[in-house]
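Each chain is listed here by its residues.
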Amino acid sequence: LKVASGDYIAFLDGDDLLLPNYVKNVLEATKNKKDYYKASWERFNIQPGVFFAKHLPDWNWAVWCRIIRKDKIKFMFDESLRKYEDAKFLQQNITNDMSCGYIDEPIYKYRGGRIGSLSNE
């Protein structure tokens, strides 16, 4: 994050996938110059489904379905945390006064239920 040169920062978990339309849809959405975006996504591997950004519940603190303006990021990830570093990062960097946009077409594929994943411990 410290050396990123773009206007926006997107995130990818190592065991997930980006859909072919990812870059195109992110570039199109960010033309609106919102502070951050919530992206629609698909879950695969276990209980497949599509989840739309406008309906993301407040408790969803996954960073991989967010795109954030770099100049809005004031706090880095807490590398001392083994779990929930996404939640802490977003709680510190996303504030109520920030503008939010949505990417309505699914652009991300989240791998659910992977054996050995920290989220399944």
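Above this text sits the structure in question.
The rules behind the values
Residues numbered from 1 in each chain as written. Predicted model: local features only at pLDDT ≥ 70, side-chain atom pairs only at ≥ 80, totals over all residues. Heavy atoms only, no water. 1 Å grid on protein atoms, 1.4 Å probe; cavity = no way out; pocket = protein on both sides within 12 Å on 5 of 7 lines; lining within 4 Å. Points joined across faces, edges and corners; volume = space filled by probe spheres on them. Nonpolar A, V, L, I, M, F, W, Y, C, P; charged D, E, K, R; others polar. Helix = DSSP H or I, 4+ residues; strand = E, 2+ residues; numbered from the N terminus. Polar contact = N/O pair within 3.5 Å; in protein donor to acceptor, adjacent residues only side chain to side chain. Contact = heavy atoms within 4.5 Å. Salt bridge = Lys/Arg side-chain N within 4 Å of Asp/Glu carboxyl O. Buried < 20%, exposed > 50% of the residue type's maximum accessible area, 1.4 Å probe, protein only. Arc of directions from axis to C-beta. Pairing = 2+ DSSP bridges. Phe/Tyr/Trp six-rings, centres within 6.5 Å; stacked < 30°, edge-to-face > 60°.

Visitor: Lay out the layout of surface pockets in plain terms, naming residues and giving numbers.
Guide: To find leftover empty space, a probe the size of one water molecule is rolled over the atoms. The volume enclosed by the second largest pocket comes to roughly 190 Å³. Every residue along the wall of the second largest pocket is listed here: Y36, K38, P57, D58, N60, W61, R66, I94, T95, N96 and M98. Considered class by class, the residues forming the lining of the second largest pocket number five nonpolar, three polar and three charged.

Visitor: With reference to specific residues and values, describe the side chain of N60.
Guide: Structurally, the position occupied by N60 is in the loop between β4 (49–51) and β5 (66–69). Separated by 3.1 Å, the side chain of N60 and the backbone nitrogen of A62 make a polar contact. Look past the residues within four positions of N60 in its chain and what remains in contact with it is W41, C65 and R66.

Visitor: Before we move on, could you go through the pattern of salt bridges and cite the residues and values that matter?
Guide: Evaluation of the coordinates by the stated rule reveals five salt bridges. The partner of K31 in a salt bridge is E28, with the nearest N and O atoms 3.3 Å apart. We classify K31 as exposed; its relative accessible area is 59%. Residue classification places E28 among the partly exposed positions, given a relative accessible area of 48%. The salt bridge involving R69 is made with D71; its shortest N-O contact spans 2.5 Å. For D71, a relative accessible area of 42% corresponds to the partly exposed category.

Visitor: An account of helix α2 (residues 85–93) is needed here, citing residue identities and associated values.
Guide: All buried positions along α2 are accounted for by D86, A87, F89, L90 and N93. Along α2, the residues classed as buried sweep out an arc of 165° about the axis, all on the same side. Contacts from the buried residues of α2 go to β5.

Visitor: Describe the pairing of strand β6 (residues 100–111), naming the residues involved and giving the relevant values.
Guide: With two bridges joining them, strand β2 (residues 17–18) and β6 adopt antiparallel strand pairing. Each residue of the ladder has a partner; that of L17, found in β6, is K109. Judged from the eight bridges that link them, strand β3 (residues 36–44) and β6 form a sheet pairing that is parallel. Across the sheet, residue Y37 finds its bridge partner in β6, namely G101.

Visitor: Can you explain the packing of aromatic side chains? Please cite residues and give values.
Guide: As enumerated under the stated definition, the model contains nine aromatic pairs in all. Residues F11 and F89 carry aromatic rings whose centres are separated by 5.7 Å and whose planes lie at 70° to one another, so their mutual orientation is edge-to-face. Of this pair, F11 sits in the loop between β1 (8–10) and β2 while F89 is found in helix α2, placing the two residues 78 residues apart along the sequence. Note on accessibility: F11 and F89 belong to one class, buried. For the ring pair W64 and Y110, a centre distance of 4.8 Å and an interplane angle of 10° mean the geometry is stacked.

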